[in-house]
Amino acid sequence: DVKVTQSSRYLVKRTGEKVFLECVQDMDHENMFWYRQDPGLGLRLIYFSYDVKMKEKGDIPEGYSVSREKKERFSLILESASTNQTSMYLCASSWDRRDEKLFFGSGTQLSVL
Amino acid sequence: QKEVEQDPGPLSVPEGAIVSLNCTYSNSAFQYFMWYRQYSRKGPELLMYTYSSGNKEDGRFTAQVDKSSKYISLFIRDSQPSDSATYLCAMSDGGTSGTYKYIFGTGTRLKVLA
């Protein structure tokens, strides 16, 4: 089974802090994604990556950056956390560009106070 | 108008009922259609995957796509309390429109009562 692991289930941070969310997948998938999920808004794509050291902006990249130094690891960085970044963050992976089947991690519920 | 519309529910049904979950969409370029199930405080998991129009069956689950009406459905037969979850539809154009587009519905919350 594909396993996508997110490092934290719950995080509480203060406004202005730098926040790192880590995601690791164990199936040698090429694609990795970061989404945020908010009630009534569904899943919105923040950033994605088709290869190591490669990244592309999704629909809502403002206030976020990403890093993919190794194929299995994709990190989401909040440079200066704000209260409107309180959300559920979901990491996902898929085999390659032509694969529509996403495998998700369990999510990180981030609260910014 | 949103590209994908999905009734948020909640939808409550008795155990054993047939459940019908639906999404409508506006972009005719979508050709891959997925259903994800998300339990509370968990990530979504892929339930059904179909390409283009038609039906696909997997156990108690049937996914139906009507591209002419831009309407997709997920049917659950003999529903069980363990089916209680949020169901998200998703669709993709496979990159055919130039920029790859993969969109999720907002999800329908289903509760199956024992």
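Refer to the structure presented above.
Residues numbered from 1 in each chain as written. Chains lettered and ligands numbered in written order. Predicted model: local features only at pLDDT ≥ 70, side-chain atom pairs only at ≥ 80, totals over all residues. Heavy atoms only, no water.

Examining the side chain of B:Thr62
All names here are of chain B.
Logical step 1: Take Thr-62: it is sitting in strand 7 (residues 61-66).
Logical step 2: The buried category is assigned to Thr-62, whose relative accessible area is 10%.
Logical step 3: Looking at Thr-62, its side chain comes within polar contact range of the side chain of Arg-77, at 2.9 Å.
Logical step 4: In this structure, Thr-62 is in contact with Met-48, Lys-56, Glu-57, Ser-73, Leu-74, Phe-75 and Arg-77, ignoring residues within four places of it in sequence. (Helix = DSSP H or I, 4+ residues; strand = E, 2+ residues; numbered from the N terminus. Buried < 20%, exposed > 50% of the residue type's maximum accessible area, 1.4 Å probe, protein only. Polar contact = N/O pair within 3.5 Å; in protein donor to acceptor, adjacent residues only side chain to side chain. Contact = heavy atoms within 4.5 Å.)

Some words on the interface of chain A and chain B
Logical step 1: Between chain A and chain B, the contact holds 18 residues from the first and 19 residues from the second.
Logical step 2: Taking both partners together, chain A and chain B bury about 1,500 Å²; carbon and sulfur atoms supply 58% of that area.
Logical step 3: Remark: the boundary between chain A and chain B carries zero salt bridges.
Logical step 4: Linking chain A with chain B are five residue pairs in polar contact (both at pLDDT 80 or more).
Logical step 5: Of all the secondary structure elements, the ones that give two or more residues to the side of chain A that touches chain B are strand 4 (31-38) and strand 5 (42-49) of chain A.
Logical step 6: Considered class by class, the residues forming the side of chain A that touches chain B number eight nonpolar, five polar and five charged. (Buried area = accessible area lost by both parts, 1.4 Å probe. Salt bridge = Lys/Arg side-chain N within 4 Å of Asp/Glu carboxyl O. Nonpolar A, V, L, I, M, F, W, Y, C, P; charged D, E, K, R; others polar.)

A short note on the sheet that holds strand 3 (residues 19-25) of chain A
All names here are of chain A.
Logical step 1: Reading across from one edge, 1-3-8-7 is the order of the four strands in this open sheet, with antiparallel pairing throughout. Since the sheet does not close on itself, it has two edges, and those belong to strand 1 (4-6) and strand 7 (64-70), each with one partner. Each adjacent strand pair in this sheet contributes to an overall mean axis angle of 20°, direction not counted.
Logical step 2: In terms of strand pairing, strand 1 meets strand 3 through three bridges, oriented antiparallel. Across the sheet, Val-4 pairs through a bridge with Gln-25, a residue of strand 3. (Pairing = 2+ DSSP bridges. Axes fitted to C-alpha atoms, helices over the stretch in contact; angles between N-to-C directions.)

So, the pattern of salt bridges
Logical step 1: Under the criterion given, the structure shown has eight salt bridges over all chains.
Logical step 2: What emerges from the salt-bridge pattern is a single network uniting A:Arg36, A:Asp38 and A:Arg44.

Looking at the pairing of strand 4 (residues 32-38) of chain B
Residues and elements named next belong to chain B.
Logical step 1: Across the seven residues of strand 4, seven count as buried, placing the element largely inside the fold.
Logical step 2: Of the two faces of strand 4, the one holding Tyr-32, Met-34, Tyr-36 and Gln-38 and the one holding Phe-33, Trp-35 and Arg-37 are both buried throughout.
Logical step 3: The pairing of strand 4 with strand 5 (residues 45-51) spans six bridges and is classified as antiparallel. Bridge pairing in strand 5 places Tyr-36 opposite Leu-46.
Logical step 4: Where strand 4 folds back on strand 5, the antiparallel hairpin that results is connected by six residues, among which Arg-41 adopts a positive phi of roughly 60°.

Quick word on the packing of aromatic side chains
Two aromatic rings are characterised by how far apart their centres lie and by the angle between their planes.
Logical step 1: Within this structure, the stated rule accounts for 14 aromatic pairs over all chains.
Logical step 2: Ring plane angle 90° and centroid distance 5.7 Å describe the contact between A:Phe104 and B:Tyr36, whose orientation is recorded as edge-to-face. Taken together, the positions of A:Phe104 in strand 10 (residues 103-104) and B:Tyr36 in strand 4 put the pair across two chains.
Logical step 3: The buried category is assigned to A:Phe104, whose relative accessible area is 11%.
Logical step 4: Measuring from ring centre to ring centre gives 6.1 Å for A:Phe104 and B:Phe104, while their planes differ by 70°; the resulting arrangement is edge-to-face. Taken together, the residues A:Phe104 in strand 10 and B:Phe104 in strand 10 (residues 102-104) connect one chain to another. For the pair A:Phe104 and B:Phe104, a shared accessibility class is recorded, and that class is buried.
Logical step 5: By the ring-pair criterion, three or more aromatic residues cluster together here, those being A:Phe33, A:Tyr35, A:Phe48, A:Tyr50, A:Phe104, B:Tyr36, B:Tyr102 and B:Phe104. (Phe/Tyr/Trp six-rings, centres within 6.5 Å; stacked < 30°, edge-to-face > 60°.)

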